[in-house]
Amino acid sequence: MLELKHLSFTVNEGKNTKHILSDINLSINDKKTVVITGPNGGGKSTLAKIIMGIEKPSSGEIFFHNKNITDWSITQRANYGISFAFQQPVRFKGIGVKELLSLAAGNELSTKGACEYLAEVGLCAADYVGRDVDTSLSGGEIKRIEIATILARKNTQLAIFDEPEAGIDLWSFQKLIQVFEKMHEMHHTILIISHQERILNIADEIILIANGQIQQVGKKDVIIPQLVSIAGSCNIYKGVKDQ
Amino acid sequence: MKQELNHSEQKLLKIISGLTSLPNGAYNIRFNGTALARSSSKNIIIAKKSDGKDGIDIHIRPGTKNETVYIPVIMDKSGHTELVYNDFYIGENSAVTIIAGCGIDNCGNQDSQHDGIHTFHIGKNSRVKYLEKHFGEGSGSGERIMNPTTIVNIAENGYMEMETTQIRGINSTKRITNARVAAKGTFIVKEKLLTHAAQYAETAFQVDLDGCDSSTNVISRAVAQDKSRQLFTAKIYGNNKCHGHSECDAIIMNNAHITAVPVIKANDPNATLVHEAAIGKIANEQLIKLMSLGLTEKEAENHIITGFLK
């Protein structure tokens, strides 16, 4: 179980303190698919980064499988089973797709092994396995490779995806849903930040975050109709991003 | 050869040339200032210079295809210094690979220095791949110094690709490359350089694109660690309708210093010349990504550098 206790995150802007997250309390049970949604700037990505250790909370604690991981490094969390797919994947000069997947897997993958992960995210593996993870890849391609790195990680117990749908074309969307469904079947705990209704639909639980606070937590059957009903003022919940 | 070189000398030779035994074909293996082994082939003649200078002449007959010449240099005698001239005459319509390189193991307290001046005359329609790896090691206080000069003349429709690598171990280097390229000729450079500790490396390229439709691409990837210093200069002169591009991409770490001076000069209105130079730290996002895959920060850094210099 992942537990967040009284988690806050503030930044200083000149003389003012800006509250990005305020007193977040949350429990996410094992083997559940949980989607965090809410307006842009509401603190969702910051919360995901805090769980991975990329950002340090200003106050509060994080427990994972009953261990207090608040002060753990990114590496420690990764080795303890937390994986993170970035909203904007990083590009590397000179690191190949196969090498990156091998690093994720923790051992040297065969070409066939690497291709299997790529095929799962809808990439024609032969076209990509020899390429570098650099600027020659399109936004959609690198996004799918990013998701493949999460699949390659064998010790994942909690997988966090920050807006996995960004840059993914409609053709590949069903593949993405299948990835989450398969991970769910493999009893992973999945935490997805998303605005997409089709992703909200696979959630066991939906968390609405706005203005740095949890506004609502509930089953999708309860939350989605409410989100859609307020979509008139904010169209992000119909899968149309406002950026 | 195994009888002649001890274990560490053989290791040095392998690092710079890949050789573990004498190769087939033409070669000249230079060891502490003398030719340890030399052989010519039917098409490639290697002879000691006859003009009094130290070094060799390599004549490659026209039409020689898919042959490789090895001319590695290894030194492990502390205090040994040398100035060597190697001249290559590559006949027309040839396609050859030349593997050079220098390895210095200095366990003594005197400086060891190799200055090599390689001059290439590349005939019409010929293609040359030139690989040059520089490496140094040794526990002594004596410095390991290498100053390679490469002079290239490419005739019409000729092609040369030069891959030059220096990863650690050389205290001081001044690497000069001057090339002249005739019509439809091409000169490609891929330089990889890593300095650390208090090392100093200077590379200076000058390419004159003399002929119509000549081209060059000078690509340098460099990493400077610790207190090391690097100076990169690339001058491309477009003297005709031509295409020239230089790219210096450098990672700076710790307290290192890097200067990049790209110069492009168009002496003809039909010259197209582009330069790019970028110096920066390893991007934090790159470290975070690899750490999120379970690597420590140091492991992530090493992977990024190794990939960058691949």
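Details of the structure are given in the entry above.
Undergrad: Would you mind showing me how to read the pattern of salt bridges here?
TA: A side chain with one charge can pair with a side chain of the opposite charge if their charged atoms come near. All names here are of chain B. This structure, assessed with the given rule, holds 20 salt bridges over all chains. We note a salt bridge from Lys-241 to Asp-213, for which the minimum N-O separation is 2.5 Å. With Lys-241 in the loop between β18 (229–238) and β19 (242–252) and Asp-213 in the loop between β16 (200–209) and β17 (214–224), this residue pair connects regions lying 28 residues apart in the sequence. What makes Lys-241 partly exposed here is its relative accessible area of 38%.

Undergrad: Looking at this model, I keep getting lost on the environment of Gly-63 of chain B. Mind explaining?
TA: Position of Gly-63 of chain B among the secondary structure elements: in the loop between β4 (55–60) and β5 (65–70). Among residues more than four places away in sequence, those in contact with Gly-63 of chain B are Glu-92, Asn-93 and Ser-94 of chain B.

Undergrad: What should I look at first to understand the packing of aromatic side chains in this one?
TA: For any pair of aromatic rings, geometry is given as the distance between the ring centres together with the angle between the planes. Across all of its chains, the model carries seven aromatic pairs over all chains by this definition. Measuring from centroid to centroid gives 5.0 Å for Trp-72 of chain A and Tyr-80 of chain A, while their planes differ by 70°, and the two rings are edge-to-face. Owing to a relative accessible area of 21%, Tyr-80 of chain A belongs among the partly exposed residues under this scheme. Taking 4.7 Å as the distance between ring centres and 65° as the angle between the ring planes, the aromatic pair formed by Phe-120 of chain B and Tyr-130 of chain B counts as edge-to-face. Of this pair, Phe-120 of chain B sits in strand β10 (residues 112–122) while Tyr-130 of chain B sits in strand β11 (residues 127–137), and the two are ten residues apart along the sequence. Assigned by exposure class, Phe-120 of chain B and Tyr-130 of chain B land together as buried. Aromatic rings pair up to connect Phe-64, Trp-72 and Tyr-80 of chain A into one cluster. Residue placement shows Arg-127 of chain B over the ring face of Tyr-159 of chain B; its charged tip is 4.0 Å from the ring centre.

Undergrad: It is not clear to me how the state of the cysteines should be interpreted in this structure. Could you clarify?
TA: Between two cysteines, a covalent bond joining their sulfur atoms is known as a disulfide. In the structure shown here, the tally under the stated rule is zero disulfides over all chains. Cys-212 of chain B forms no disulfide, and the closest cysteine sulfur to it belongs to Cys-242 of chain B, at a distance of 9.0 Å.

Undergrad: I would appreciate a short explanation of the side chain of Ser-194 of chain A in the present structure.
TA: Residues and elements named next belong to chain A. Secondary-structure assignment places Ser-194 in the loop between β8 (189–193) and α8 (197–200). For Ser-194, a relative accessible area of 0% gives the class buried. When neighbours within four sequence positions are excluded, Ser-194 is seen to be in contact with Val-35, Ile-36, Thr-37, Glu-165, Ile-199 and Leu-200.

Undergrad: Sorry, what's going on with the environment of Phe-31 of chain B here?
TA: All names here are of chain B. By secondary structure assignment, the location of Phe-31 is in strand β1 (residues 27–31). We classify Phe-31 as buried; its relative accessible area is 15%. Here the alpha-carbon distance between Phe-31 and Ile-236, two residues 205 residues apart in the chain, equals 36 Å. Once residues within four sequence positions are removed from consideration, Phe-31 is found in contact with Leu-5, Glu-9, Leu-36, Ile-74 and Asp-76.

Undergrad: I'm lost on unusual backbone geometry in this one. Help?
TA: If a residue is not glycine, its phi is most likely negative; likewise, a peptide bond is most likely trans. The phi torsion at Asp-23 of chain A lies on the positive side, around 45°, for a residue other than glycine. Residue Asp-23 of chain A is classed as partly exposed on the basis of its relative accessible area, which comes to 44%. With a phi angle near 65°, Asp-213 of chain B is a residue other than glycine that sits in the positive phi range. Judged by relative accessible area, Asp-213 of chain B falls into the partly exposed class, the value being 37%.

Parameters at a glance
Residues numbered from 1 in each chain as written. Chains lettered and ligands numbered in written order. Predicted model: local features only at pLDDT ≥ 70, side-chain atom pairs only at ≥ 80, totals over all residues. Heavy atoms only, no water. Salt bridge = Lys/Arg side-chain N within 4 Å of Asp/Glu carboxyl O. Helix = DSSP H or I, 4+ residues; strand = E, 2+ residues; numbered from the N terminus. Buried < 20%, exposed > 50% of the residue type's maximum accessible area, 1.4 Å probe, protein only. Contact = heavy atoms within 4.5 Å. Phe/Tyr/Trp six-rings, centres within 6.5 Å; stacked < 30°, edge-to-face > 60°. Lys NZ or Arg CZ within 6 Å of the ring centre and 35° of its normal. Disulfide = S-S within 2.5 Å.

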